[in-house]
Structure formats: structure tokens, C-alpha cells
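A structural walkthrough
Given next are the chains, with one letter for each unit.
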Amino acid sequence: MDYDTILQGKYPAKRHAQRVVDYIRSKIPNATGVLYLESRGTKFLEDNDQEEHFRQRRYFYYLTGCNLADCYVTYDIDTSKSTLFIPPVDPESVIWSGLPVSAEEAKNKYDVDEVKYSNDLNATLAHVGAEKTNTTIYAIPHQVSEKVTFLEFENKNFSILKEAIEVSRVVKDEYELALIAKANAVSEKAHRSVLENVKHAQNECELEAIFVSTCMSKGAPHQAYHSIVAAGRAAATLHYVHNNAPLAGKQLLLLDAGCEWNCYASDITRTFPISGKFTPESRAIYDIVLKMQLDCIAALKEGVVWDDVHLLAHKIAIDGLLKLGILKGDKNEILENRTSVAFFPHGLGHYLGMDTHDTGVNANYADKDPMFRYLRVRGKLPAGSVITVEPGIYFCNFIIEPFLQDAKHAKYIDADVLEKYWDVGGVRIEDNIVVTKTGSENLTTVVKDPEEIEAIVSSG
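One structure accompanies this document, and this report is about it. Computed from a predicted model, the values in this text were never measured in an experiment.

1. Some details on the nonpolar core
- In terms of nonpolar packing, the biggest core is built from 128 residues, with Leu35, Leu84, Ile285, Trp306, Phe343, Ile393 and Phe395 touching the most fellow members.
- Sorting elements by how many residues they give to this core places helix H8 (residues 174–197) first, with 11 residues.
- Those residues within four positions of leucine 84 in sequence are excluded, and the remaining contacts are Phe60, Thr64, Cys66, Cys71, Tyr72, Val73, Ala106, Tyr110, Val112, Glu114, Val115 and Lys116.

2. So, empty space enclosed by the protein
- Counted by the stated rule, this structure contains 1 cavity of 30 Å³ or more.
- As for the largest cavity, its lining consists of Ala17, Leu35, Tyr36, Leu37, Leu63, Val73, Thr74, Tyr75 and Ser82.
- Sorting the residues of the lining of the largest cavity by element identifies strand S1 (34–38) and strand S2 (72–76) as the ones contributing at least two each.
- Here the residues of the lining of the largest cavity sort into 7 nonpolar, 2 polar and no charged.

3. Overview of the pairing of strand S15 (residues 431–435)
- Across the 5 residues of S15, 5 count as buried, placing the element largely inside the fold.
- Residue alternation in S15 divides its side chains into two sets, Asp431, Ile433 and Val435 and Asn432 and Val434, and both sets are buried.
- The sheet contact formed by strand S12 (residues 386–389) and S15 spans 4 bridges and is antiparallel. Looking across to S15, one finds that valine 386 is bridged to valine 434.
- Where S15 folds back on strand S16 (residues 440–442), the antiparallel hairpin that results is connected by 4 residues.

4. What about the sheet that holds strand S11 (residues 268–273)?
- Read across the open sheet, the 3 strands follow the order S7-S8-S11; overall the sheet is antiparallel. For this open sheet the edge positions go to strand S7 (228–231) and S11, each flanked by a neighbour on one side alone. Taken over all neighbouring pairs, the strand axes of this sheet differ in orientation by 10° on average, direction set aside.
- In the sheet, strand S8 (residues 252–257) pairs with S11 via 6 bridges, with the strands oriented antiparallel.

5. Looking at the environment of glutamate 154
- As for its placement among the helices and strands, glutamate 154 is situated in the loop between strand S5 (136–138) and strand S6 (155–157).
- For glutamate 154, a relative accessible area of 52% translates into the label exposed.
- Residues within four places of glutamate 154 in sequence aside, it is in contact with Thr133, Asn134 and Thr135.

6. What about the layout of surface pockets?
- One number sums up the size of the largest pocket: a volume of about 790 Å³.
- In terms of residue class, the lining of the largest pocket is made up of 12 nonpolar, 7 polar and 6 charged.
- Estimated volume of the second largest pocket: approximately 480 Å³.
- Lining the second largest pocket are 22 residues, and of these Leu238, His239, His357, Arg376 and Glu390 sit closest to its centre.
- Broken down by class, the residue content of the lining of the second largest pocket amounts to 8 nonpolar, 8 polar and 6 charged.

7. Side note on the pattern of salt bridges
- In the structure shown here, the tally under the stated rule is 28 salt bridges.
- As a salt-bridge pair, glutamate 196 and arginine 192 come within 3.2 Å of each other at their nearest N and O atoms. Placement of the pair is glutamate 196 and arginine 192 together in helix H8, with a separation of 4 residues, close to one helical turn.
- Note on glutamate 196: relative accessible area 34%, which makes it partly exposed.
- Its relative accessible area of 32% is what places arginine 192 among the partly exposed residues.
- We note a salt bridge from glutamate 451 to arginine 283, for which the minimum N-O separation is 2.8 Å. Of this pair, glutamate 451 sits in helix H16 (residues 450–459) while arginine 283 sits in helix H10 (residues 280–298), and the two are 168 residues apart along the sequence.
- Since its relative accessible area comes to 42%, glutamate 451 is described here as partly exposed.
- On the accessibility criterion, arginine 283 (22% relative accessible area) is partly exposed.
- One salt-bridge network, in which partners are shared between bridges, spans Arg55, Arg169, Lys172, Asp355 and Asp358.

Conventions and cut-offs
Residues numbered from 1 in each chain as written. Predicted model: local features only at pLDDT ≥ 70, side-chain atom pairs only at ≥ 80, totals over all residues. Heavy atoms only, no water. Core = buried A, V, L, I, M, F, W, Y, C linked by side-chain atoms within 4.5 Å. Buried < 20%, exposed > 50% of the residue type's maximum accessible area, 1.4 Å probe, protein only. Helix = DSSP H or I, 4+ residues; strand = E, 2+ residues; numbered from the N terminus. Contact = heavy atoms within 4.5 Å. 1 Å grid on protein atoms, 1.4 Å probe; cavity = no way out; pocket = protein on both sides within 12 Å on 5 of 7 lines; lining within 4 Å. Points joined across faces, edges and corners; volume = space filled by probe spheres on them. Nonpolar A, V, L, I, M, F, W, Y, C, P; charged D, E, K, R; others polar. Pairing = 2+ DSSP bridges. Axes fitted to C-alpha atoms, helices over the stretch in contact; angles between N-to-C directions. Salt bridge = Lys/Arg side-chain N within 4 Å of Asp/Glu carboxyl O.

On their own, these measurements won't tell you what the molecule is for.
Below, the structure is given as C-alpha cells:
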């Protein structure tokens, strides 16, 4: 994908707005009125005069492509006119922060029809509401400032807009895919830097610093999520957050990290030997997880049921663990009893977009079937969606021990063979995949061939 060429154009905000309107009209035929959204406002730390880290509201960004604070947007359903309201010049603020974006600059940069200053917002809303009869304003609950009034609008709908944007965001257009591809390209450089330097590092935090600094040097100052940099047995903790343990004496490093590019995320996991050479046990587990991932990716195309792909991953895991002797008995019984959940407890993946765990999911966390309880996406995958494929096998004592104490599962697990694998910790491999009508496209280019990984780490 030639993402750099695609990204030379404007973020297609008006096209997104029309998709949102189409969804609203599918639920409310002949809907008219105005869509209203606010950006994230400037906030200060509690008991402090420093600003909080700014993260744009994704609903607002989807209809504007604007990453500025203290902004507002309206979209007239009847005329398809979008109006962006940006902060006016505050002379006091200019002294400290410099001049803000002007209306002219914003008009040139964003895909909107008109740009006004935010001190015109209420007057504009009053005018639009008054000139229409029986008109409706659509907004998101708890995302309307107290100073904003909708008095001239006869109807106020706070129920449909959030849903409409979340559903619309599932299928990405070319520009959005280019943003995710760009985030992946930068993250590839950062993952590579960690591979090349892991032999010289002493602590997990050094590797996190290498990853983040590489992203920043490539123009991506923000991470899509808190990195997971887990060495040894810490890799068995799915969302390990400490990232501060020493590396000495540990087999593997699990790095789950990805930057974002203009509010769009990458989400990539690689697991590799700290020494530059897999142990027999860690290589055996790595090979199983790699087969899980490759076979699941090969199964993807429009209309595939994600639950079935998740089930496929478990079947491959069971076959692999049976060959190693960690599991024993009949593979169909192991699957039926859900014993493999002890080693692969999470879902196979999730939608990816402006959020790492993106919108449009229909998870059922109350599912009584433990194999599917944490599967964030259920049902058929549409073409144009981006989903992570991230199988894993983990040796977490806290999770596995109850299975060993339960006769239903214990008969399928060889505790003596298992003893050799605790220090593997965990292996996860994660790529970002675009679902297409006939298959898929992998946006992630980070190396995952085990021999190539060993060569890179050893030459570092």
C-alpha cells in the first residue's frame, strides 16, 4: 500500500459524516436536522496548573480529522454542510503558547465546508435551529458543554449518534487503512530497534525506551496503548504493565507495542529470545503459536465467522500441545472440555482503528462457555474491517493451577512435562489484518520467522 501518497490528501471527514447519516436514516427514515459533536476540552491536572495529556475524542475526529482541543462541529443533514468551530485567539495564551490555528489554516487543512470561531457557536446553533421547522439536534450524552444550548431545536436525540459513529467506524476507507499502515510501518522500525538492542539491555524499561524513542524519531510521538515489555515468566501476564524487571536469566521477551499515526493505532506483538537463541522448549511453543496465527490469517475473508476462526486457533493449540506431551488424551475431548483455555485464555483478536480495542464489537462477557467469554468480536467479519490476529500460549501458574486441581481437566494435562515449560512464560504473535472480499491483507511487516529473529538478535 502506497500510504504516503494516499495520506497527502485530506482526511475524508465529510464522507464519514454521510456514512453516519446513512446509518441514522436506516434507523430513523427521512431523518433531518443537525449532528453536533465536541472535541476534548483542555483540562488541568488536579491541584496543579499543568495541562493533562491531550487525547482527542474519537467521535469528533471521525467527522473532522481535527486534532485540536476546545473545538466543535455541526453537520447539517439536509444540506450536507459541515462547520468546524475552533478557539479564537487569546492574547494571554499567545504569550505562552504561540498563535493558534487560524480559520483560514483550518479550512485548508480539514475536510469541512466552513470554519468559524467557537465564540460564534451558540449564535450559529440558534440561527440554524430557528430557521428549520420540527428540526432535531443529534448529540452524544455527557459530551455537550454546559455553555452550549439547543433551545431553538424542537427535538433533541441523544441516543443514536454514538451508535451510528461506532458502527460506521468498523469498515475503514482507503485513507483510514493508510493511516493504520503508516502506524505499522513506524512500529516496525521500533520493534526492529528492540530486536537489535535486546542483547545489550539490562532491564525491560530500557527496551520500552528504545521502542518509544524510535517511534518519536520517526514522527509518531504517541503510543496507541501502554506497551507490554515482559521478560520471562512475566509474559504469562496478558496485560503486564510494570516494564521494569531485569532481563538476566530469562528466556524470552514479549513485546506488545504500537504507535499511533494521526489518531489511528497499530497493535503488534512479537516474542523473541533475549540471548539470540530459542531454547528447545521456547522454540516448540513459538512454532505452535506461529502456526496458529498463520492458519487463522489464511482463513480470513469477508463473511467469515470470527468465532470459528477463534475455535480453529484452539484446535491447532491442542494438536501442538499434544505433540509436546503437555496435553494428553483425546483431542476432541480436550476441546469439548475447554482444557486448552488454561493455556490460551483470551480472545483471538479485536477490531483496530482509532482505538486499539476499536468500536463495533459485540462481545458477550457473560458467555458461560469459557472459550468464547473474552472474544471481543463475535459473528461475521465485514470486508474493510481491520482485526488483530494474536494467538498465544501461556504458562501462568495462577490460571493453570486450578485446572490441575480439577479432575475434569487434570487428566488431560501432564504435570511432569508441563514442569519444563514454566520458564517459557508466554508467547504471543500479533498482526493487524485487513479483511477483504476474497481474503486479507497484512499491514504488519515486523519479522516473525524464528530463524530470522535469532539472526537479528544475535548480530545486535
